[in-house]
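# Summary of the model geometry
The lines below spell out each chain.
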Amino acid sequence: MGPIPIPRESLHRPAPTVPSRGDARSTSRTSLPGNPLAPSAARRFTRAALADWTSLGLLTTCTFCQADESCSPGRHSTDLLADDAVLIVDELVTNAVVHAGTTVELLCRLEAPSVGASGEEDEPAALVLEVSDHHPSRAIQSDPREQEQEPGREGGQRPGREPSSGLPEYGRGLHVVTALAERWGITYRAGLKTVWARLPLEGRDTGPARETEPVLRRGLRAAEILAPAYASRRSARDDPDWAGRGALSFLAEASELLAGQLDEDLVAALAGQLLVPRLAEWCAVWLDGEGAHAGAAPRLARVWHADESRLERLRAVLEKEPPRLPDPPRGVPVRVPWPGGSGSGSGAREAGTGGGVALACRLVSNGRVLGTLLLGRPGQSGVADEVTALVEDFARRIALAIGAARRYTRQATISRVLQRGLLPSQVARIPGVASSLVYEPSDEGLAGGDFYDIFPCPPGDRWCFMLGDVQGSGPEAAVVTGLARPWLRLLAREGYRVGAVLDRLNRLLLDDATEAAESASLMVAAAATGPGAGPGSLPGLSSGAPAPSEGSQARFLSLLYGELRPLPGEGGGVRCTLASAGHPLPLLLRPDGTVRPAAEPQLLLGVVEQVAYESSTFDMEPGDTLLCVTDGVTERRSGPRMLDDGDGLARALAGCVGLTAQGVAERIRSAVHEFAETPPGDDLALLVFQAE
């Protein structure tokens, strides 16, 4: 491999710019994270941009065949442009990720031809691709010992030095850029390095599409551009070499797209768009019922046709005649009768399909039938074995995605029901006190460990509140939450004061953990003496006995618990008594902007039995604000920093003077979300009380 190619044109300016008819739609840009997923996302974004321009008419569908479909599959002008652009973008983004490691900016821009003073075309129409990273000092180089970046030079090669003859892997992509681009270069700005490439359109006019060109044709060509290389329209059906060249790429892209869907109907919809028109002219997906709907008739979840005008007629025919496949179910494509009758019958004409070959394949995952995939291909010729195998493999991926989506849906439903049972349906309103609550679980599909409550206690002049956080999340945390909140309510209504409530809750948690440990020990002992015990079995466990969960004995809990009593007289205000057990301390904001902790730190609940919890009492005058949060607020991270480092939460609260209770809650919530670019990774809960 030779040395790294030098840009064809050494420039000390950004990529050439030519007015693009003033149409902002001719530019698309995105920002990608500096991780291994960036190249794949860049490829999809580039194809999507070209597809959008084609569907909008900014790019004609094909200037080679003038849209009369005479070009061979994958050889339309837009197909070739998309393939070249995707290859260049993949190389440049990969290079930026590997050598810069920062956020990568990708820009795709259509440039119209520029006309000089003589009226002749100076610059032909072109597609310009720009990939920028935020480490301009890290130049693209062949050998760090032989090439060093010199100020003011754009190639990065020291004069008088020959590059090494052995080119590392990361330098080869520039040869690809050199071969495909009309010219390319590197532009340095303050804090930014941009590698750009210019691809001439070579007759692929960027002007508006011809008036006679149907919108549908532009849409179909746009769909082809979105396909991976060699997977364009009709390529799998008409090109016998496609299965060997593009099948693996197609399956890889399809798996990546299907795996990201958590709704079975979205999986079915995406499957139809991936199949049509690459492998079939039309397709349909039936989904079998589960749970209470098991045994019911399959549901036609999605129908897709290359010609949208035929979609409703095809759906009507398919709803009348679901495919009938032999038992036992197998995930192998089988030939079935054409919907509506034979290919030349009236039913086929009614469906608007024109007749052909229909294949049906059971969607089977883990031995369970989840649905059926049906696809139709025009013509009466048989289906190649390679295409049948590809359909079978694709159907297996659909089934896996549907199975995963159903498992997620079940888990999310259980978690939502459980969450509704663990948290109060509504919180009490306290006379003379304005309150506001924010609760955001980090995962909607998993029961969180944070809980809260506000409730009145007899004889009616006392209102209690709690804000807790159980160690961990999921079912184990839900068990502790399901114990702690009812216990707290019961103890409070029995008349126990704040410190005594925490003492008794601590003993209850320890007793429950002891009982759980004894139960696990008995189970292990029974398994050890059972008929399945033997030299080959695990110590203390039979082959059918479940292993006790280590997490089942964890009963740690941090809690902020208190009570509010309105002060007598007409001056307003409330008396607050509270205690913190291993919980972030509540903060009291005065109207003059001063902030102080409102409690003393104490030990977590469920850790040590011999501990006495103490409470603090203070009066809240009108305008005073009490902020209570969980560690999802104080431990919100941005790199190595946390939000509460250096009393960050207190500073944020000090800036809330003059706001209502709801305004304070929203200000703190916004501060948590804005502290880092990534979403919070822990449950977020906060309570705000403001004396009126």
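Anything mentioned here points back to the structure above.
Structure report, in brief. Predicted model only: the values in this text are computed from it and were never measured.

Conventions and cut-offs
Residues numbered from 1 in each chain as written. Predicted model: local features only at pLDDT ≥ 70, side-chain atom pairs only at ≥ 80, totals over all residues. Heavy atoms only, no water. Pairing = 2+ DSSP bridges. Helix = DSSP H or I, 4+ residues; strand = E, 2+ residues; numbered from the N terminus. Axes fitted to C-alpha atoms, helices over the stretch in contact; angles between N-to-C directions. Buried < 20%, exposed > 50% of the residue type's maximum accessible area, 1.4 Å probe, protein only. Contact = heavy atoms within 4.5 Å. Patch = residues over 30% accessible without salt bridge, like charges linked within 9 Å, V, L, I, M, F, W, Y side chains within 5 Å. Areas by Shrake-Rupley, 256 points an atom, 1.4 Å probe, with all protein chains shown as cover. Salt bridge = Lys/Arg side-chain N within 4 Å of Asp/Glu carboxyl O. Polar contact = N/O pair within 3.5 Å; in protein donor to acceptor, adjacent residues only side chain to side chain. Phe/Tyr/Trp six-rings, centres within 6.5 Å; stacked < 30°, edge-to-face > 60°. Lys NZ or Arg CZ within 6 Å of the ring centre and 35° of its normal. Core = buried A, V, L, I, M, F, W, Y, C linked by side-chain atoms within 4.5 Å. Disulfide = S-S within 2.5 Å.

A few words on the sheet that holds strand E16 (residues 557–566). One open sheet holds the 5 strands; their spatial order is E14-E15-E16-E17-E20, and the pairing between them is antiparallel. Each having just a single partner strand, strand E14 (450–457) and strand E20 (616–620) make up the two edges of the open sheet. In this sheet, adjacent strand axes meet at a mean angle of 20° when their direction is disregarded. Sheet topology places E16 next to strand E17 (residues 574–581); 8 bridges connect them, and they run antiparallel. Bridge pairing in E17 places Leu560 opposite Ser580.

Take the pairing of strand E6 (residues 183–189) next. Here is the key point about a regular strand: its side chains alternate between the two faces of the sheet. Most of E6 sits inside the fold, with 5 of its 7 residues counted as buried. Where E6 lies against strand E7 (residues 192–200), 7 bridges are found, and the strand directions are antiparallel. Its bridge partner lying in E7, Thr187 is registered against Thr194. Linking E6 back to E7 in an antiparallel pair, the connection comprises 2 residues, with Gly191 at a positive phi of about 70°.

The antiparallel open sheet is built from 5 strands, whose spatial order is E9-E8-E12-E11-E10. Each edge of the sheet is formed by a strand with only one pairing partner; in this case those strands are strand E9 (299–305) and strand E10 (334–336). The average angle at which neighbouring strand axes cross in this sheet is 25°, direction not considered. The sheet contact formed by strand E11 (residues 356–365) and strand E12 (residues 368–378) spans 10 bridges and is antiparallel. Within E12, the residue paired with Ala360 across the bridge is Leu374. Contacts between helix H7 (residues 264–275) and the sheet are confined to strand E8 (282–287), E9 and E12, with E9 contributing the most and set at about 25° to the helix.

What follows covers the environment of Leu251. Structurally, Leu251 is set in helix H6 (residues 242–259). For Leu251, a relative accessible area of 7% corresponds to the buried category. Not counting the four nearest positions on each side in its chain, Leu251 is found in contact with Leu390, Asp393, Phe394 and Arg397.

On the surface, Phe556, Leu603, Leu604, Val607 and Val608 cluster together into a nonpolar patch covering about 350 Å² of accessible area. Relative to the assigned elements, Val608 resides in the loop between strand E19 (595–597) and E20. A relative accessible area of 35% means that Val608 is categorised as partly exposed.

For the rest of this paragraph, the subject is the side chain of Asn506. When you line up the elements, Asn506 lands in helix H12 (residues 498–528). On the basis of relative accessible area, Asn506 is assigned to the buried category, the value being 1%. A polar contact is formed between the side chain of Asn506 and the backbone nitrogen of Gly606, at a distance of 2.7 Å. Setting aside chain neighbours within four positions, we find Asn506 in contact with Leu604, Leu605, Gly606, Val607, Val608, Glu609, Val611 and Tyr613.

Our next topic: the environment of Gly421. By the secondary structure assignment, Gly421 is in helix H10 (residues 385–422). For the pair Gly421 and Gly482, spaced 61 residues apart in the sequence, the C-alpha separation amounts to 8.3 Å.

In this section: the packing of aromatic side chains. Under the criterion given, the structure shown has 3 aromatic pairs. Arranged with centres 5.5 Å apart and planes meeting at 80°, the rings of Trp282 and Trp338 form a pair that is edge-to-face. With a gap of 56 residues between them, Trp282 in strand E8 and Trp338 in the loop between E10 and helix H9 (346–351) connect regions that are remote in the sequence. The class of Trp338 is buried, set by a relative accessible area of 5%. Where Phe465 meets Phe689, the ring centres are 4.8 Å apart and the plane angle is 50°; that geometry is what we call tilted. Separated by 224 residues along the polypeptide, Phe465 in strand E15 (residues 462–470) and Phe689 in strand E24 (residues 684–691) bring together distant segments of the chain. Assessed through its relative accessible area of 0%, Phe689 is described here as buried. Sitting over the ring of Phe618, Arg596 keeps its end group 5.5 Å from the ring centre.

Moving on to the nonpolar core. If you look at the biggest cluster of nonpolar residues, it comprises 50 residues, and the most contacted ones within it are Phe451, Phe465, Leu559, Tyr561, Leu605, Leu626 and Phe689. With residues near it in sequence (within four places) discarded, Leu559 still touches Phe451, Met466, Leu467, Gly468, Leu488, Leu502, Leu505, Ala579, Ser580, Ala581, His583 and Leu605.

By definition, a disulfide links the sulfur atoms of two cysteines through a covalent bond. This model, assessed by the stated rule, comprises 0 disulfides. Of all cysteine sulfurs, the one in Cys464 lies closest to Cys457, which takes part in no disulfide; the gap is 3.4 Å. In this structure Cys457 comes out as buried when scored by relative accessible area, which is 1%.

Topologically, Ser365 is positioned in strand E11. Ignoring sequence-local partners within four residues, the contact set of Ser365 consists of Leu370, Ala399 and Leu400.

With that settled, consider unusual backbone geometry. Each neighbour pair has its own omega, and for Val276 with Pro277 the value is 5°, a cis peptide bond. Mapping Pro277 onto the fold places it in the loop between H7 and E8. We note that Asp647 has phi near 55°; this positive angle belongs to a residue other than glycine. By the element assignment, Asp647 lies in the loop between strand E23 (641–642) and helix H14 (648–654).

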